[in-house]
Amino acid sequence: MFEDLAALADITTEGFRRIYDDCYAHDYINGSSIIKRQYDILKASKAKGIGIIVITNKKQEIAEEVCLKMFGEKMIDIVIGRKDAQPIKPKPIITERIGEFGIDPKHCLGYYGDSITDMQTARLLKVKFYKC
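Residues numbered from 1 in each chain as written. Predicted model: local features only at pLDDT ≥ 70, side-chain atom pairs only at ≥ 80, totals over all residues. Heavy atoms only, no water.

### With respect to the overall build of the protein chain
Alright, step 1. Assigned secondary structure in the protein chain consists of six helices and four strands.
Alright, step 2. For the protein chain, the sequential pattern of α-helices and β-strands runs α-α-α-β-α-β-α-β-α-β.
Alright, step 3. Residue burial in the protein chain is summarised as follows: out of 132 residues, 29% are buried.
Alright, step 4. When contacts within the protein chain are restricted to residue pairs at least 6 apart in sequence, those whose partners lie at least 24 apart make up 50%. (Helix = DSSP H or I, 4+ residues; strand = E, 2+ residues; numbered from the N terminus. Buried < 20%, exposed > 50% of the residue type's maximum accessible area, 1.4 Å probe, protein only. Contact = heavy atoms within 4.5 Å.)

### A word on the nonpolar core
Alright, step 1. If you look at the biggest cluster of nonpolar residues, it comprises ten residues: Ile55, Ile78, Ile80, Ile88, Ile94, Ile98, Tyr111, Ala122, Leu125 and Val127.
Alright, step 2. Among residues more than four places away in sequence, those in contact with Ile55 are Ile80, Ile88, Lys89, Ile94, Ile98 and Tyr111.
Alright, step 3. Of all hydrophobic cores here, the second largest spans seven residues; its members include Ile52, Ala63, Cys67 and Met75. (Core = buried A, V, L, I, M, F, W, Y, C linked by side-chain atoms within 4.5 Å.)

### Remarks on the environment of Leu109
Alright, step 1. By the element assignment, Leu109 lies in the loop between α5 (93-99) and β3 (111-113).
Alright, step 2. Residue Leu109 is classed as exposed on the basis of its relative accessible area of 62%.
Alright, step 3. On a C-alpha basis, the gap between Leu109 and Lys128 in space is 7.2 Å, while along the polypeptide they are 19 residues apart.
Alright, step 4. Residue contacts for Leu109: discarding those within four places in its chain leaves Ile50, Lys128 and Tyr130.

### As for unusual backbone geometry
Alright, step 1. The peptide bond linking Lys89 to Pro90 adopts the cis configuration, its omega dihedral lying at -15°.
Alright, step 2. Here Pro90 lies in the loop between β2 (78-82) and α5.
Alright, step 3. In the Ramachandran plot, Lys126 falls in the positive-phi region, its phi being about 60° despite a non-glycine side chain.
Alright, step 4. Mapping Lys126 onto the fold places it in the loop between α6 (116-125) and β4 (129-131).
Alright, step 5. Exposure remark for Lys126: the relative accessible area of 75% places this residue in the exposed category.

### Description of the pattern of salt bridges
Alright, step 1. The final tally for this structure, using the stated rule, is seven salt bridges.
Alright, step 2. Salt-bridge contacts for Glu100 lead to Lys83; the nearest nitrogen and oxygen are separated by 3.3 Å. Note that Glu100 is positioned in the loop between α5 and β3 and Lys83 in the loop between β2 and α5, a separation of 17 residues in sequence.
Alright, step 3. By relative accessible area, Lys83 is classed as exposed at 60%.
Alright, step 4. In this structure, the salt-bridge partner of Lys106 is Asp104, at a minimum N-O distance of 3.8 Å. (Salt bridge = Lys/Arg side-chain N within 4 Å of Asp/Glu carboxyl O.)

### A few points about helix α4 (residues 60-71)
Alright, step 1. Its twelve residues place the ends of α4 16 Å apart at the C-alpha level, agreeing with the 16 Å of an ideal helix rising 1.5 Å per residue.
Alright, step 2. For α4, every residue scored as buried is listed here: Gln60, Ile62, Ala63, Val66, Cys67 and Met70. Buried residues in α4, looked at end-on, bunch into an arc of 160°, giving them a common side. Turned more than 90 degrees off the buried face of α4, the exposed positions are Glu61 and Lys69.
Alright, step 3. A positive phi of about 80° marks Gly72, the residue just after α4. (Expected span 1.5 Å × (residues − 1). Arc of directions from axis to C-beta.)

So, in structure tokens, the structure goes:
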């Protein structure tokens, strides 16, 4: 994708990626919203004492800030974002990242998501997928 856009803009792919990353870093939450059904599921799960983990391909710092702004301080227990330039969903690295928190995917009730990437991640973790 970046290669095609970079060619159209007559700049290198790396140059385009830097511009994109800079724009995103300054405006990553604009237009974002919580899907009501997802929020209802999180709220009901939390009320039953179920821990909630957010797994995202966003950078760790951005993921933490987005979760804080969208859900407040008490809704999300653990936020797992990427540490470097590589996406973590749906890659095997996700099991390592979850393991950093002492969590075994076998003890997860399920994976809620709204994309094919989320479905693939659930399959990789061998947990039931719930579409939101």
